[in-house]
Amino acid sequence: MPEKIKTACRACHGGCGAIVTVENEKVVKIEPDPDAPLSKGRLCPKGLAGIELLYDPNRLKYPMERVGERGEGQWKRISWEAAYDRIISEIEWVRHEYGIESLGLVQGTGRHHFNHLPRFAHTIGAPNWFEPGTAQCFFPRILNFNLTYGRPLVVDYYSDVNPEMILVWGTNPVVSGADGEIQFLVRDALRKGSKLIVVDPRRTELAERAEAWLQLRPGTDCALAMGMLHVIINEGLYDKDFVEKWVFGFDKLRERVQEYPPKKVAEITWVKEEDIIRAARLYAAASSASLEIGCAIEHYPNSFDAVRSILFLPGLTGNFDTPGGFIQATEILPDIENRLDYIEPGVAEKRLGGKKFPFLSGTDIPFPSAHIPDIFEAIRTEKPYPIKALLLFGNNGLLSFADSNKTYETLKKVDFLCCMDLFMTPTAELCDLVLPAASWLELDEVFSVPYFANVAVMAQKKITRVGECKSDEEVFFELCERMGLDYGGKRVQDIYDEQLRGMAEKFEEYRGLDFEKLCEMNYIKIPPKYRQYENGGLKTPTGKMELWSTVLAEKGIDPLPKFVEPPESPYSTPEVCKEYPLVLLTGGRVPFFFHTENRGLPSLRGQSKYPRVEIHPETAKAYGIEDGDWVFIESKRGRITQKALVTDGIDPRVINCQSGWWYPEDKSPEHGWRESNANLLTCADPPYDRVLGTYQLRALLCRIRKNDDRGIETRYEESCQRDV
């Protein structure tokens, strides 16, 4: 008899409800759950491909140990007991020979294990936990939310008031919404009548529907935001009552924005002066307005100030914490305790990056991460001390870290590499030990959505298991048990029960709720509250929206935003521009992949067979390139090839290539990571962002030329014929 099980999809960060049908102990169907609180009966292609992922013949199913030279692709199957013995032996070797600070723990984008890895790292006393996103994706927003408003904010898709205007900046949520449900909620809002202002170098689907599309030069977001603020402040379009009662530092910001008149900003950004003025007026005039802000802004060394200046717009126009506006997080579910107090004080002070970037890596912040370039420098030079071992969880670093050639040489220098993943990725092939990870259908979790700004709590359920795979957090539990350390319970569910008890302290109606009971309920949704600041102020030092940051000022950091030209650009490096005359974007997304994932799943890969580089017709003609041609893209750091998509939706001076590409059909241990991987072109060198140490992933310089070799297509087509 078939059984239908309600759960939550985590094919991306997650949030969509799914109904999974199991028959004879096998998953046979996945369909959207019409009762899901946010996705409301919808799933994206990634979620619908969950069965394909689960039973893919190339899944890692058992622990594997390298038997040949590193990178040769020679492996043998071992037991979990042998794998644990090896990992613990390597950890203790590092601890006794070099100090536990010489162990690095690495993960990828936020999933079920995101808060568990720091907890595990700190439980064993290791300070150097890190992942690509802390300085490059989302955490610049989180820090600025907290500095400016006291907590994270989201678009209010949840009330009876539909946003009149949504400012979409540096994101394309209907395609790349990492919190899966967001892409559906944006479309719902548009159907209800929301209007759009879109800031994007590319003419996306949303840009085509926008009242105003600001096609800015990549890397100039801070200047554009300050120009819009100049218009709003100088023309008196701000909410005077809110500013008088609830804003700190307005006069100082007024003085700073005088440096950014629209005419000057137009020269910097390539956006017409009249368009800047019109967009600012449109936004300020809306009765309810909000902001969808994405990671594109966080990919270059002016990211902190860019995010900060953009976040000022909703508050100053009276749209903070109002129905249909930019609302405070409900904060239903407390975070998993990350156990910073388990690290010895002297060891915590050794966290790499802590002295240069205290807001990223310091000892007095709640969620510190090591600075990636400092970690890699320590691996290469052993200064200020060596990093001798790396444990990677859900991280395909050869594709997700900047400057992949340098990353490759760096990883080769590490004495011990261990990776836990779903597939044998190019990064896994460099390791000494590889562990089989559970997919979203194979693990238990409680999580909140939207990510970090939740209005709902979801239960994800372990429905089945393939081979000997485990969830990452199970591995942390079992390693700690073998090492004689208390991870905080006997099973993973104990951690989730602890979170739910913390939730019940705030919401008494859920007292007695545990993970098993939540699984029966499937989800909890709590309506947002509005104008919460009127009862006790905001959670900032002044109790107000801080334009002039008191926290930054105390650290001796300029408390107001300021535009800084990207380190490599037509204006900062004109000599480089002579050889590499085009501005490079590296973040193109499609709905079938999540970062480097899913290139080996036939149904998803079949919808997007090859990476595409967007080129304007004038530029394509100048280089003798036609739509569908393969194109070489070169920067100072490397060369890749992608297939041309000729479109007038991009500036002739700019090209946009897709990120995350490798080729599972290439059966060599490299799996084609050198062929189309955008991070071969990016830069991990200084200068970095002044607050968070962000390096340059976008707005770089490049050149292009036609590539007549179609070998990538031939290899893929032959692999499809073999599979048939």
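A brief structural summary. (Residues numbered from 1 in each chain as written. Predicted model: local features only at pLDDT ≥ 70, side-chain atom pairs only at ≥ 80, totals over all residues. Heavy atoms only, no water.)

1. Focus on the overall build of the protein
A count of helices and strands for the protein gives 28 helices and 27 strands. A compact globule built from 724 residues would reach a C-alpha radius of gyration of about 27 Å, and the protein, at 25 Å, matches this within 12%. With the principal axes as the frame, the protein shows a C-alpha extent of 70 × 65 × 55 Å. Taken over 724 residues, the protein has a buried fraction of 66%. Considering only intrachain contacts with a sequence separation of at least 6, the fraction spanning at least 24 residues in the protein is 73%. Taken as a whole, the protein presents about 26,400 Å² of accessible surface, with 48% of it coming from carbon and sulfur. Averaging the coordinates of the 90 positive side-chain charges in the protein and doing the same for the 108 negative ones gives two points 2 Å apart. (Helix = DSSP H or I, 4+ residues; strand = E, 2+ residues; numbered from the N terminus. Rg over C-alpha atoms; globule rule 2.2 N^0.38 Å. Buried < 20%, exposed > 50% of the residue type's maximum accessible area, 1.4 Å probe, protein only. Contact = heavy atoms within 4.5 Å. Areas by Shrake-Rupley, 256 points an atom, 1.4 Å probe, with all protein chains shown as cover. Lys, Arg positive; Asp, Glu negative; His and termini not counted. Charge placed at Lys NZ, Arg CZ, Asp CG, Glu CD.)

2. Structural notes on the packing of helix α4 (residues 116–123) against helix α21 (residues 472–482)
The contact between α4 and α21 brings their axes to 10 Å, and the two run at 15°. In this view, α4 runs roughly parallel relative to α21, as classed from their interaxial angle. Two packed elements cross with a definite hand, and for α4 against α21 that hand is left-handed. Residue-level inspection shows His116, Leu117, Phe120 and Thr123 of α4 in contact with α21, the latter providing Glu473, Phe476, Leu479 and Cys480. Looking at side-chain class alone, the contact of α4 with α21 contains 5 nonpolar, 2 polar and 1 charged residues. (Axes fitted to C-alpha atoms, helices over the stretch in contact; angles between N-to-C directions. Parallel < 35°, antiparallel > 145°, perpendicular 65-115°, else oblique. Left-handed = near helix turned anticlockwise from the far one by under 90°. Nonpolar A, V, L, I, M, F, W, Y, C, P; charged D, E, K, R; others polar.)

3. Here we look at the environment of Asp666
Along the chain, Asp666 falls in the loop between β26 (654–658) and β27 (700–707). Here the alpha-carbon distance between Asp666 and Lys529, two residues 137 residues apart in the chain, equals 52 Å. In this structure Asp666 touches His671, Gly672 and Arg715, once residues within four positions along its chain are discounted. At 3.0 Å, the side chain of Asp666 forms a polar contact with the side chain of Ser668. (Polar contact = N/O pair within 3.5 Å; in protein donor to acceptor, adjacent residues only side chain to side chain.)

4. Details of the sheet that holds strand β11 (residues 212–214)
The parallel open sheet is built from 4 strands, whose spatial order is β11-β10-β9-β13. The open sheet terminates on both sides in strands that have one partner only, identified here as β11 and β13 (289–293). Averaged over all pairs of adjacent strands, the angle between their axes in this sheet comes to 15°, without regard to strand direction. Inspection of the sheet shows strand β9 (residues 165–169) paired to β13 by 5 bridges, in the parallel sense. If you follow Trp169 over to β13, its bridge partner there is Ile293. (Pairing = 2+ DSSP bridges.)

5. A look at the packing of helix α6 (residues 139–148) against helix α15 (residues 303–316)
The contact between α6 and α15 brings their axes to 9 Å, and the two run at 50°. On the basis of the axis angle, α6 is oblique to α15. Relative to α15, the crossing made by α6 is right-handed. Of the residues in α15, those in contact with Pro140, Arg141, Leu143, Asn144, Phe145, Leu147 and Thr148 of α6 are Ser303, Phe304, Val307, Arg308, Leu311 and Phe312.

6. Considering the pairing of strand β16 (residues 416–421)
With 6 of 6 residues buried, β16 lies mostly within the body of the structure. Where burial is concerned, the two faces of β16 agree: the one with Phe416, Cys418 and Met420 and the one with Leu417, Cys419 and Asp421 are both buried. With 5 bridges connecting them, strand β15 (residues 389–393) and β16 associate as parallel partners. The residue bridging Leu392 from the neighbouring strand is Cys419, located in β16. Pairing geometry for β16 and strand β17 (residues 433–436), over 4 bridges, is parallel.

7. A word on the sheet that holds β16
With mixed pairing, 7 strands are arranged side by side in an open sheet as β5-β4-β17-β16-β15-β6-β7. Because the sheet does not close on itself, it has two edges, and the strands there are β5 (75–77) and β7 (128–130). Within this sheet the neighbouring strands show an average axis-to-axis angle of 15°, counted without direction. Across the sheet, helix α3 (residues 80–97) lies against β4 (64–66), β6 (103–107), β15, β16 and β17, angled at about 130° from β17, the strand it touches most.

8. So, the packing of aromatic side chains
Evaluated as defined, the whole model comprises 28 aromatic pairs. When the centroid spacing of 4.8 Å and the interplanar angle of 35° are considered together, the rings of Tyr149 and Phe320 count as tilted. Of the two residues, Tyr149 sits in the loop between α6 and β8 (153–155) while Phe320 sits in the loop between α15 and β14 (326–328), which places them 171 residues apart along the sequence. You'll find Tyr149 and Phe320 in the same group, each marked buried. Each residue in the set Tyr149, Phe242, Trp246, Phe320 and Tyr533 is aromatic and connected to the rest through ring pairs, giving one cluster. Here Arg10 stacks its cationic end above the ring of Phe447, 4.0 Å away from the centre of that ring. (Phe/Tyr/Trp six-rings, centres within 6.5 Å; stacked < 30°, edge-to-face > 60°. Lys NZ or Arg CZ within 6 Å of the ring centre and 35° of its normal.)

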